[in-house]
Amino acid sequence: MFQNWPEHTAHVKKLFGELGKSHPKMVQAYDLLDQAAAAEALDEKTRELISIAVAITTRCESCISIHAENAVKAGATESEIVGALATAISLNAGAAYTYALRVLEAAETQR
């Protein structure tokens, strides 16, 4: 196992709470942004599946932990989670491919 995810999630939530006490305006602004996103057309499960995909592309373990928990609570199935992961993996590979073209272009201009 990579992590004890329930323990990691609890620890992250505790630290978020502590940060909120010491820097309430910053955390309030973050919460408002999250509330604004939640008010848009996507349902909670869809938002959490997108969040999981973004979390793995940005390599944020705390995001993975929180959003995996939230996705399960929102009713996401294993198949839906795997679908979100497959999409993120596909896009990451696509991004690497298109950035590889930039390298080739940059190298060509140096010749």
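Residues numbered from 1 in each chain as written. Predicted model: local features only at pLDDT ≥ 70, side-chain atom pairs only at ≥ 80, totals over all residues. Heavy atoms only, no water.

Considerations on the UniProt feature "domain: Carboxymuconolactone decarboxylase-like" (unreviewed entry) in the protein chain
Consideration 1: On the UniProt side, "domain: Carboxymuconolactone decarboxylase-like" (unreviewed entry) is annotated at positions that read residues 24-106 here.
Consideration 2: Secondary structure across residues 24-106 comprises 87% helix and 0% strand; the distance between its end C-alpha atoms is 45 Å. (UniProt positions renumbered as here; feature names shortened; annotations may be inferred. Helix = DSSP H or I, 4+ residues; strand = E, 2+ residues; numbered from the N terminus.)

A short note on the packing of aromatic side chains
Consideration 1: Evaluated as defined, the whole model comprises 0 aromatic pairs.
Consideration 2: Sitting above the plane of the Tyr-99 ring, Arg-102 keeps its charged end 4.6 Å from the centroid. (Phe/Tyr/Trp six-rings, centres within 6.5 Å; stacked < 30°, edge-to-face > 60°. Lys NZ or Arg CZ within 6 Å of the ring centre and 35° of its normal.)

Topic: helix 3 (residues 44-58)
Consideration 1: For helix 3, which comprises 15 residues, the first-to-last C-alpha distance of 21 Å matches the rise-based estimate of 21 Å (1.5 Å per residue) to within 8%.
Consideration 2: Here helix 3 has its buried residues at Glu-48, Leu-49, Ile-52, Ala-53 and Ala-55. Considered in projection along helix 3, the buried side chains sweep an arc of 160 degrees and stay on one side of the axis.
Consideration 3: A positive phi of about 55 degrees marks Arg-59, the residue just after helix 3. (Expected span 1.5 Å × (residues − 1). Buried < 20%, exposed > 50% of the residue type's maximum accessible area, 1.4 Å probe, protein only. Arc of directions from axis to C-beta.)

Some remarks on a nonpolar patch on the surface
Consideration 1: Together, Leu-42, Ile-50 and Val-54 give the surface a local cluster of nonpolar side chains, amounting to about 250 Å² of exposed area.
Consideration 2: Residue classification places Leu-42 among the partly exposed residues on the basis of a relative accessible area of 42%. (Patch = residues over 30% accessible without salt bridge, like charges linked within 9 Å, V, L, I, M, F, W, Y side chains within 5 Å. Areas by Shrake-Rupley, 256 points an atom, 1.4 Å probe, with all protein chains shown as cover. Salt bridge = Lys/Arg side-chain N within 4 Å of Asp/Glu carboxyl O.)

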